[in-house]
Amino acid sequence: MNKIFSVAVLVWIFSACTGHKNQTEELNKASNIINETIKAHGMDKLENGKLSFIFRNGHYTMENNSGIFRYERLISKNDSVYQDIITNDGFVRKFQGDTLKLTSTEEAKYKNGLNAVIYFASLPKSLSDAAVKADYLGDMNLKGNDYYKIRVTFNENGGGKDYDDVFVYWVNKDTDLVDYLAYEYHTDGGGMRFREAFNKREVNGVVVQDYKNYKPLVDGIMVQDMDELFLNGDIELVSEIKSEEPEVILY
């Protein structure tokens, strides 16, 4: 009995160690893939630099300088100009240069709107954030190209207001660029989206790309399975996300 018990314990310990090793290897692989795609996009250069672009009715700027950051949105309405600014010190909204007093609901609305546009425009830069938890889901083929498939979730501590959102990225094995991404969100009733990158161009060493934005036509799926819907045509194009007139200045 003692020998049988000892063997069982050894098998359990070996299985536990093997499982832990495999999990560690997958975490390391996901981290390595993310590091390579950030470099391929040139987003590591923006640790000390500025990206500006026009999106819909606003002019956006993302600036970083050795840990000091500034996100800005300028919106012109007739002869009036609204300015939203996020820095290390917080958020302010200005009208014609004067700081406005906002309710907590108004501040959250404008701040989150600016944050969201900057987040998507600067992908995959944000995947290096400390709150990111990345899992390697395996390899797959989309439209004749081979991809790494990475699932990203966030720690509640440092993950922001939408820390429970889930993202999936398809990283091209040949270029290390993100060609597709999907995400599950919970604001405004929640939902899922799948984005296909197009109009890739390099601006001063930084890759800027636009996206075709799709929604699923079926319910009850997991966000990591959105690629299957894309291949089967079970998604609908709802918009195009374009970063127009991009400019990059490196410090």
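What counts as what
- Starting afresh in each chain, residues are numbered from 1 along the sequence in its written order.
- Reporting in this predicted model follows two pLDDT cut-offs: at least 70 for local features of residues, and 80 or more for side-chain atom pairs to be given and counted; totals over whole chains, interfaces and linings ignore these cut-offs and use all residues.
- Values reported for side chains reflect all heavy atoms of the structure, with hydrogen atoms and water molecules removed beforehand.
- In this description, a nonpolar core means a group of buried Ala, Val, Leu, Ile, Met, Phe, Trp, Tyr and Cys residues linked to one another through side-chain atoms lying within 4.5 Å.
- Each residue gets one of three labels from its accessible area relative to the maximum for its type: buried under 20%, exposed over 50%, partly exposed in between, using a 1.4 Å probe on protein chains only.
- Helix and strand assignments follow DSSP, with helices taken as H or I runs no shorter than four residues and strands as E runs no shorter than two, numbered in order from the N terminus.
- Working rule for contacts: check all heavy atoms of both residues, and any pair within 4.5 Å makes them a contact.
- In this analysis, strands are considered paired if DSSP registers two or more bridges between them.
- Whenever a helix is involved, its axis is fitted only over the stretch in contact; in every case the axis is a line through C-alpha atoms, and angles between N-to-C directions fall within 0 to 180 degrees.
- Only the six-membered ring of Trp is used, alongside the rings of Phe and Tyr, when aromatic pairs are assigned; centres must lie within 6.5 Å, and planes under 30 degrees apart are stacked while those over 60 apart are edge-to-face, with the rest tilted.

(A) Layout of the nonpolar core. Core analysis: the biggest nonpolar cluster contains 41 residues, and Y119, I150, V152, F167, Y169 and L181 have the highest contact counts within it. With five residues, the top contributor of residues to this core is helix α2 (residues 104–121). Grouped together as the second largest cluster of nonpolar side chains are 16 residues, Y147, V168, F194 and M226 included.

(B) Up close: the side chain of H41. Tracing the sequence through the fold places H41 in helix α1 (residues 2–41). Residue classification places H41 among the buried residues on the basis of a relative accessible area of 1%. With residues near it in sequence (within four places) discarded, H41 still touches L123, P124, D176, L177, V178, G205, V206, V207 and Q209.

(C) Representation of the pairing of strand β1 (residues 48–55) in the model. Pairing of β1 with strand β2 (residues 58–65) involves eight bridges; the strand directions are antiparallel. From the neighbouring strand, S52 faces β2, where its bridge partner is T61. Count of turn residues in the β1/β2 antiparallel hairpin: two residues, of which R56 carries a positive phi of about 55 degrees. Bridge analysis of β1 against strand β14 (residues 244–250) gives five bridges, and the strand direction is antiparallel. Residue L51 lies in a different strand from β14, and its bridge partner there is V248.

(D) Summary view of the sheet that holds strand β7 (residues 132–142). The strand order β7-β8-β9-β10-β11-β12-β13 describes an open sheet built from seven strands, whose pairing is antiparallel. The two strands at the open ends of the sheet, each matched to only one other strand, are β7 and β13 (235–241). When strand polarity is set aside, the average angle formed by the axes of neighbouring strands in this sheet is 25 degrees. Strands β8 (145–154), β9 (166–172), β10 (178–185), β11 (191–203) and β12 (206–216) of the sheet are contacted by α2, whose axis makes an angle of about 25 degrees with β9.

(E) Region of the structure containing the packing of aromatic side chains. Within the structure shown, the criterion is met by 19 aromatic pairs. Consider the rings of F167 and Y169, whose centres lie 6.1 Å apart with planes at 10 degrees: the pair is stacked. Accessibility expressed as a relative area gives 2% for Y169, which makes it buried. Their ring planes at 55 degrees and their centres at 5.4 Å tell us that Y180 and F230 sit as a pair that is tilted. One end of the pair, Y180, is in strand β10; the other, F230, is in helix α3 (residues 226–232), with 50 residues separating them in the sequence. Three or more aromatic residues link up through ring pairs in this structure, and these residues are Y119, F120, F154, F167, Y169, Y183 and Y185.

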